[in-house]
Amino acid sequence: MADDAGDDKKNWLQWLNDGTSFIAAIIGILIAVQTIRLNNEIDRLNENIEASTLVSDLIGSLTAADIKQDIALLALDNALTSDPDEDEVTRTHRHKKLIAEIAASLLNNRTLSLAEGEDVIARSRQIQEEALTARKILRRLAAEPEGPEYQRIAQEALARYQNNLEVGLESPTARAKITYDDPEDSSPNDVVIEEEAVQGEAAITPQQTLELATTAEAVATIAEEEDSNQIIYMHYDNPELEAGMQALKAELEAQDWFVIENIELVSPQASNCAVTSDIRFFHKQDEDLANTLRDQVVSEPPPDLREAVATVRLIDLSNWSQANLVPKRQLELWVITKGSECRENRSAAKTTS
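Since this is a predicted model, take the numbers as computed values, not measurements.

**Comments concerning the packing of helix 3 (residues 88-108) against helix 4 (residues 120-142)**
How two helices sit against one another is set out by the angle between their axes and by the gap between those axes.
And step 1. Taken N-terminus to C-terminus, the directions of helix 3 and helix 4 make an angle of 140°; their axes are 9 Å apart at the nearest point. Pair helix 3 / helix 4 crosses with left-handed handedness. Counted together, Lys96, Ile99, Ala100, Ala103, Ala104 and Leu107 of helix 3 and Ala131, Ala134, Arg135, Ile137, Leu138 and Leu141 of helix 4 form the full contact between these two elements.
And step 2. Within the contact of helix 3 with helix 4, the residues separate by chemical class into 10 nonpolar, no polar and two charged.

Okay, here's the thing in structure tokens:
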């Protein structure tokens, strides 16, 4: 009997020991799992902190103060909405969404600013380099397989950028309100080259100069992306010519010209109205290109424009003080039917002043 009691006690102790070991093992496993989860959470937090720090470091040199807040909020939202249980694909999509949102903000929400004494050309080039980097990132994200939200964000940002650039775009001389003297005794085939021909340029502020340079460079980049380096801004002075101008635009695009979407209607009452149909160029080496455009416009114009473009004068604006801000191979085409009205309004304005 004593032996049986001893065996029972021994078995009970063995069972207790085994049970304790099992419970300890379970607790150890739970602790290990929790440690792994905690380490993963710490890694995730460190990753978000590092990403936020990187974003903070980058935006300091890339953006103006008005955009920093937006980007900081995007980064903070990305960090706070992360889920420790998300899989690798979900995390990658979340990170790419953040990149798309930041690139979109840099591309479309930038306010052009110029510090006192800052070089306009250097600042314009910096802005365009930043925009080019943002567009490259967005194009890469937009081209990925259909579905992820970041693809939609990238596609919409690129479309908005090009739409804003072209639809509301003014040409360099329209933006600067440039006019030129037109000698009445000159031949329609003359090229106006006198330095005195350019007027009104003194009214351009440094900020307007930066906008002009930045926009012109952006247009050149967009045109290059569409395999064209021949850019035309189109203008007309008579609403009745709208259909003909659209038809001419289509014809020129078929001949590999990049035509700005916004065709500007410039009233003969405007301060920068034109007195004759003309093609304006900003660099001496673009005169041949301007002649080519004139030949194409004059040879077979839409019927509505035939009389207006029977004679087209070339205007050499290379002596304009801001001409170096306009990239080469950018031209302006002005189709004019109310030149006499423009001339009268100019004369009246001079008399009044």
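**Some details on the packing of aromatic side chains**
And step 1. By the definition in use, this model includes one aromatic pair.
And step 2. Note on Phe282 and Trp320: the rings are 6.0 Å apart at their centroids and 50° apart in plane angle, and the pair reads as tilted. Taken as a pair, Phe282 in the loop between strand 7 (278-281) and helix 9 (287-299) and Trp320 in the loop between strand 8 (313-316) and strand 9 (330-335) lie far apart in primary sequence, 38 residues in all. In this pair, the class of Phe282 matches that of Trp320, namely buried.
And step 3. The ring centre of Trp334 lies 3.9 Å from the NZ or CZ of Arg280, which sits over that ring.

**Details of the packing of helix 4 against helix 7 (residues 206-225)**
And step 1. In contact at an axis separation of 9 Å, helix 4 and helix 7 are set at 40° when each is read in the N-to-C sense. As far as their axial angle goes, helix 7 and helix 4 are oblique. For the pair helix 4 and helix 7, the crossing hand works out as right-handed. Packed against helix 4, whose contacting residues are Val120, Arg123, Ser124, Ile127, Gln128, Leu132, Arg135 and Arg139, the element helix 7 presents Pro206, Thr209, Leu210, Ala213, Thr214, Glu217, Ala218, Thr221, Ile222 and Glu225 at the interface.
And step 2. Here the contact of helix 4 with helix 7 is built from residues that sort into eight nonpolar, five polar and five charged.

**Describing the side chain of Arg280**
And step 1. Among the secondary structure elements, Arg280 is positioned in strand 7.
And step 2. At 3.0 Å, the side chain of Arg280 and the side chain of Asp278 are in polar contact.
And step 3. Other than its neighbours up to four places away in sequence, Arg280 contacts Thr173, Ile178, Tyr180, Ala274, Ile315, Leu317, Gln330, Leu331, Glu332 and Trp334.

**Description of the nonpolar core**
And step 1. Residues Leu107, Leu138, Tyr161, Val219, Ile231, Phe258 and Ile260 are the most contacted members of the largest nonpolar core, which totals 26 residues.
And step 2. When residues of this core are traced back to their parent elements, those giving at least two are helix 3, helix 4, helix 5 (149-167), helix 7 and strand 4 (231-236).
And step 3. Among the elements that line this core, the one with the most residues is helix 5, at seven residues.
And step 4. Residues within four places of Ile231 in sequence aside, it is in contact with Val219, Ala220, Ala223, Trp257, Phe258, Ile260, Arg329, Gln330 and Leu331.
And step 5. Of all hydrophobic cores here, the second largest spans 24 residues; its members include Leu241, Leu289, Val309 and Leu331.

**A word on the pattern of salt bridges**
And step 1. Going through the model one piece at a time under the given rule, you end up with eight salt bridges.
And step 2. A salt bridge links Arg152 to Glu149, with the shortest nitrogen-to-oxygen separation between them at 3.1 Å. One end of the pair is Arg152 and the other is Glu149, both in helix 5 and three residues apart, which spans about a single turn.
And step 3. Exposure remark for Arg152: the relative accessible area of 37% places this residue in the partly exposed category.
And step 4. Close ionic contact of Lys284 with Asp316 constitutes a salt bridge, the shortest N to O distance being 2.8 Å. Separated by 32 residues along the polypeptide, Lys284 in the loop between strand 7 and helix 9 and Asp316 in strand 8 bring together distant segments of the chain.
And step 5. On the basis of relative accessible area, Asp316 is assigned to the buried category, the value being 2%.
And step 6. Residues joined by salt bridges that share partners form a network here, namely Lys97, Glu149, Arg152 and Glu156.

**Examining the confidence of the model for the chain**
And step 1. Here the chain averages 77 in pLDDT, and 67% of its residues register 70 or above.
And step 2. Below pLDDT 50 for its whole length, residues 58-64 participates in 11 contacts with residues either more than four positions away or in separate chains.

**Points about the pairing of strand 4**
And step 1. The buried fraction of strand 4 is high, at six of six residues.
And step 2. Going residue by residue along strand 4, you find Ile231, Tyr233 and His235 tucked away on one face and Ile232, Met234 and Tyr236 tucked away on the opposite face as well.
And step 3. In this sheet, strand 5 (residues 258-259) lies alongside strand 4 in parallel orientation, the contact comprising two bridges. Following the sheet pairing, Ile231 is matched in strand 5 by Phe258.
And step 4. Sheet topology places strand 4 next to strand 9; six bridges connect them, and they run parallel. Of the residues in strand 9, the one forming a bridge with Met234 is Leu333.
And step 5. The pairing of strand 4 with strand 6 (residues 264-265) spans two bridges and is classified as parallel. Its bridge partner being in strand 6, His235 is matched across the sheet by Glu264.

Criteria and cut-off values
- Residues numbered from 1 in each chain as written.
- Predicted model: local features only at pLDDT ≥ 70, side-chain atom pairs only at ≥ 80, totals over all residues.
- Heavy atoms only, no water.
- Axes fitted to C-alpha atoms, helices over the stretch in contact; angles between N-to-C directions.
- Helix = DSSP H or I, 4+ residues; strand = E, 2+ residues; numbered from the N terminus.
- Left-handed = near helix turned anticlockwise from the far one by under 90°.
- Contact = heavy atoms within 4.5 Å.
- Nonpolar A, V, L, I, M, F, W, Y, C, P; charged D, E, K, R; others polar.
- Phe/Tyr/Trp six-rings, centres within 6.5 Å; stacked < 30°, edge-to-face > 60°.
- Buried < 20%, exposed > 50% of the residue type's maximum accessible area, 1.4 Å probe, protein only.
- Lys NZ or Arg CZ within 6 Å of the ring centre and 35° of its normal.
- Parallel < 35°, antiparallel > 145°, perpendicular 65-115°, else oblique.
- Polar contact = N/O pair within 3.5 Å; in protein donor to acceptor, adjacent residues only side chain to side chain.
- Core = buried A, V, L, I, M, F, W, Y, C linked by side-chain atoms within 4.5 Å.
- Salt bridge = Lys/Arg side-chain N within 4 Å of Asp/Glu carboxyl O.
- pLDDT = per-residue confidence, 0-100.
- Pairing = 2+ DSSP bridges.

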